[in-house]
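Read off the chains here:
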Amino acid sequence: MICVDLHDLISRLPDGAVLTDPDLLAGYRQDWARDPSAGTPLAVVRATGTDDVAATLRWAHEHQVAVVPRGAGSGLSGGATAVDGGIVLSTERMRAITVDPVTRTAVVQPGLLNAEVKRTVAEHGLWYPPDPSSFEICSIGGNAATNAGGLCCVKYGVTTDYVLGMEVVLADGTVVRLGGPRLKDSAGLSLTKMFVGSEGTLGVITELTLRLLPAQPPQSTVVATFPTLTAATEAILGITGTLRPAMLEFMDAVAINAVEDEMRMGLDREAAALLVARSDAPGEFARHEAEIMVGICEKAGATEVFHTEDPEEGEAFTAARRFAIPAVEKIGPLLLEDVGVPLPRLADLVNGIAAIGARNDVLVSVIAHAGDGNTHPLIVHDPTDAAMTERAHRAFGEIMDLAIQLGGTITGEHGVGRLKKAWLPDQLGPDVMALTRRIKDALDPHGILNPGAIL
Ligand SMILES: Cc1cc2nc3c(=O)[nH]c(=O)nc-3n(C[C@H](O)[C@H](O)[C@H](O)COP(=O)(O)OP(=O)(O)OC[C@H]3O[C@@H](n4cnc5c(N)ncnc54)[C@H](O)[C@@H]3O)c2cc1C
């Protein structure tokens with residue numbers, strides 16, 4: 001533990017902003033991935049605004065103390081894992097939002113949850129599309145820092161497609177504003193995009209200007225079950241090759257059964273895979289697109305295909321898919337993957353993952369934002385069983401190796417964090433790693449921002 005006098009930091013911040021009670025610090029050590037290597041922070045700063053973030057970073061820069069930015073802690077890659085002797089800088093109290101219906105933009109502080117952003121802009125008849133399954137529990141700042149994806153991203157794109165501008169505090173406490181409520185802006189380097197997905201390693205995002213769309217039209221929903229993984233991936237390719245679904249999600253047999261255990265919706269427990277697909281095409285076209293998707297699923301060999309125009313029924317199946325990670329987690333602790341491949345390689349990826357699970361004798365459930373080629377293999381293991389844990393970690397690495405071999409990525413939306421960084425050089429290669437390091441060193445010469453994440 002580094003010995004640093006915290007009184008100076010406390011004197012620069014509002015009363016109560018700095019937590020040092022060990023019981024309270026414990027709640028800020030890990031994110032959802034529960035990285036066992038998490039350290040114990042010196043303190044947690046619960047910033048109330050940009051000034052608090054800037055004051056904290058100026059202090060950290062002077063004393064060369066590590067700072068781990070934290071949104072809501074729902075990350076799945078250990079990106080918000082605390083480090084020994086560092087500060088956890090939480091944005092949970094930065095929750096302001098203003099909506100401008102004329103420019104169709106919202107200016108948002110980072111601590112607001114994704115669901116709260118969606119609800120607020122909906123009051124103006126507007127829609128913020130990116131919808132991670134965790135939308136009720138993740139912050140918009142964390143979404144920007146990880147370039148979060150979600151279920152509707154197959155048609156509407158990911159977080160970066162909606163970030164028009166931001167305020168960001170650099171490692172030495174300098175506050176800069178990038179972009180703004182302009183749909184087009186070619187002035188200077190695309191620095192806004194550089195900070196999206198930077199996982200707290202380049203700066204702390206203190207405000208976002210988000211692009212909004214008109215409210216989403218009503219959706220038609222198709223649910224199909226398949227006897228094999230390959231039949232399901234054929235249907236996925238058939239659908240994406242024919243139209244642009246507003247959602248195309250996948251669950252394997254383990255996930256179907258885990259969700260059915262919890263939700264009792266009558267899902268087919270015998271199926272090898274289930275797809276939930278939606279269309280939000282205008283008017284009657286939604287039904288028409290749904291009928292095309294029904295036909296494609298039947299042709300691919302679906303055992304059962306169900307189509308509904310009822311929004312509540314459609315939402316129930318979407319909610320079931322969103323619940324898949326917590327449902328599978330009931331079987332046991334998870335190592336969470338996020339690998340993605342170009343769509344034509346999806347069948348090779350899901351069948352390869354099944355083979356890796358069998359070879360290593362561990363249970364691997366696969367759920368996926370299938371229309372994006374982005375899968376979430378969930379490796380179930382018992383941390384008290386050393387042999388099983390070793391096999392689970394071996395499978396974790398082999399799955400990332402497979403994705404890279406197939407021309408894919410080790411992470412489609414969760415970020416590299418600490419848990420996937422050993423595989424990043426294999427994906428990016430030495431030149432891109434060196435470039436990444438040069439950017440990091442230029443922006444954060446003392447290496448105080450989220451040390452150990454990504455690089
Ligand atoms: C059940 C479940 C389902 C999920 N489904 C999805 C999904 O469908 N799609 C998806 O993309 N993700 C998903 N996630 C992962 C997670 O919710 C996202 O990565 C989310 O964007 C993290 O937001 P957060 O506020 O919890 O960030 P945190 O976990 O607190 O932090 C994540 C990273 O961002 C950095 N960070 C946070 N705030 C800031 C800031 N203001 N400035 C700079 N850096 C910052 C942190 O240092 C860390 O590196 C899921 C998680 C769970 C638990």
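Residues numbered from 1 in each chain as written. Predicted model: local features only at pLDDT ≥ 70, side-chain atom pairs only at ≥ 80, totals over all residues. Heavy atoms only, no water.

> Lay out the sheet that holds strand β2 (residues 43-46) with the relevant residues and their values.
Ordered by their spatial adjacency, four strands build an open sheet running β1-β2-β4-β3, and the pairing between neighbours is mixed. Because the sheet does not close on itself, it has two edges, and the strands there are β1 (18-19) and β3 (67-70). The sheet contact formed by β2 and strand β4 (residues 87-90) spans four bridges and is parallel. Residue pairing across strands places V45 opposite L89, the latter belonging to β4. Across the sheet, helix α3 (residues 50-63) touches β2, β3 and β4, and the angle it forms with β4 is around 165°. (Pairing = 2+ DSSP bridges. Helix = DSSP H or I, 4+ residues; strand = E, 2+ residues; numbered from the N terminus. Contact = heavy atoms within 4.5 Å. Axes fitted to C-alpha atoms, helices over the stretch in contact; angles between N-to-C directions.)

> Go over the pattern of salt bridges, please, and point to the residues and values.
Taken as a whole and judged by the stated rule, the model has 22 salt bridges. For the salt bridge of R95 with E116, the shortest nitrogen-to-oxygen distance reads 2.9 Å. Of this pair, R95 sits in the loop between β4 and β5 (97-100) while E116 sits in helix α4 (residues 114-122), placing them 21 residues apart in sequence. Residue class for R95 comes out partly exposed when judged on its relative accessible area of 37%. Here E315 and R278 are joined by a salt bridge, their closest N and O atoms 3.4 Å apart. Separated by 37 residues along the polypeptide, E315 in helix α11 (residues 311-322) and R278 in strand β14 (residues 273-279) bring together distant segments of the chain. Look at R278 and you get buried, because its relative accessible area is 5%. Here the residues in one salt-bridge network are D8, R12 and E62, joined through shared partners. (Salt bridge = Lys/Arg side-chain N within 4 Å of Asp/Glu carboxyl O. Buried < 20%, exposed > 50% of the residue type's maximum accessible area, 1.4 Å probe, protein only.)

> Could you give an account of the site of the ligand, with specific residues and numbers?
Around the ligand, the structure places 37 residues, and the nearest of them are P69, S74, G75, S134 and S139. Separating an oxygen atom of the ligand from a side-chain N or O atom of S134 is a distance of 2.6 Å. In the environment of the ligand, an oxygen atom lies 3.2 Å from a nitrogen or oxygen atom belonging to the side chain of H369. Calculation on the ligand without its partners gives an accessible area of 980 Å², and the protein chains cover 98% of this total. Sorting the residues of the shell around the ligand by element identifies β3, α5 (140-146), β10 (204-211) and α12 (324-329) as the ones contributing at least two each. Per-class residue counts for the shell around the ligand are 14 nonpolar, 20 polar and three charged. (Near = heavy atom within 4 Å. Polar contact = N/O pair within 3.5 Å; in protein donor to acceptor, adjacent residues only side chain to side chain. Areas by Shrake-Rupley, 256 points an atom, 1.4 Å probe, with all protein chains shown as cover. Nonpolar A, V, L, I, M, F, W, Y, C, P; charged D, E, K, R; others polar.)

> Describe the packing of aromatic side chains, naming the residues involved and giving the relevant values.
This model, assessed by the stated rule, comprises four aromatic pairs. Judged by centre distance (5.7 Å) and plane angle (55°), the ring pair of F306 and F317 falls under tilted. Taken as a pair, F306 in strand β15 (residues 304-308) and F317 in helix α11 lie far apart in primary sequence, eleven residues in all. Taking relative accessible area as the criterion, F317 reaches 13% and is therefore assigned buried. Over the aromatic face of W32 sits the side chain of R34, whose NZ or CZ is 5.5 Å from the ring centroid. (Phe/Tyr/Trp six-rings, centres within 6.5 Å; stacked < 30°, edge-to-face > 60°. Lys NZ or Arg CZ within 6 Å of the ring centre and 35° of its normal.)

> Could you give me a rundown of the side chain of D131, with the residues and numbers involved?
Note on placement: D131 falls in the loop between β7 (126-127) and α5. No salt bridge is formed by the buried D131. Its closest oppositely charged neighbour is R322, at 4.8 Å. A distance of 2.8 Å separates a polar atom in the side chain of D131 from the backbone nitrogen of L151. Within the local environment of D131, its side chain forms a polar contact with the backbone nitrogen of C152, the two atoms lying 2.9 Å apart. In contact with D131, not counting residues within four places along its chain, are K118, G149, G150, L151, C152 and C153. (Lys, Arg positive; Asp, Glu negative; His and termini not counted.)

> So what's going on with the pairing of β3? Residues and values would help.
On β3, burial covers both faces: V67 and P69 on one face and V68 and R70 on the other are all buried. In this sheet, β4 lies alongside β3 in parallel orientation, the contact comprising four bridges. Paired with R70 across the two strands is S90, which belongs to β4.

> Give me the environment of P132: which residues, what numbers.
As for its position among the elements, P132 is in the loop between β7 and α5. Once residues lying within four places of it in the same chain are set aside, the contact partners of P132 are N114, C138, N143, A148, G149 and G150.

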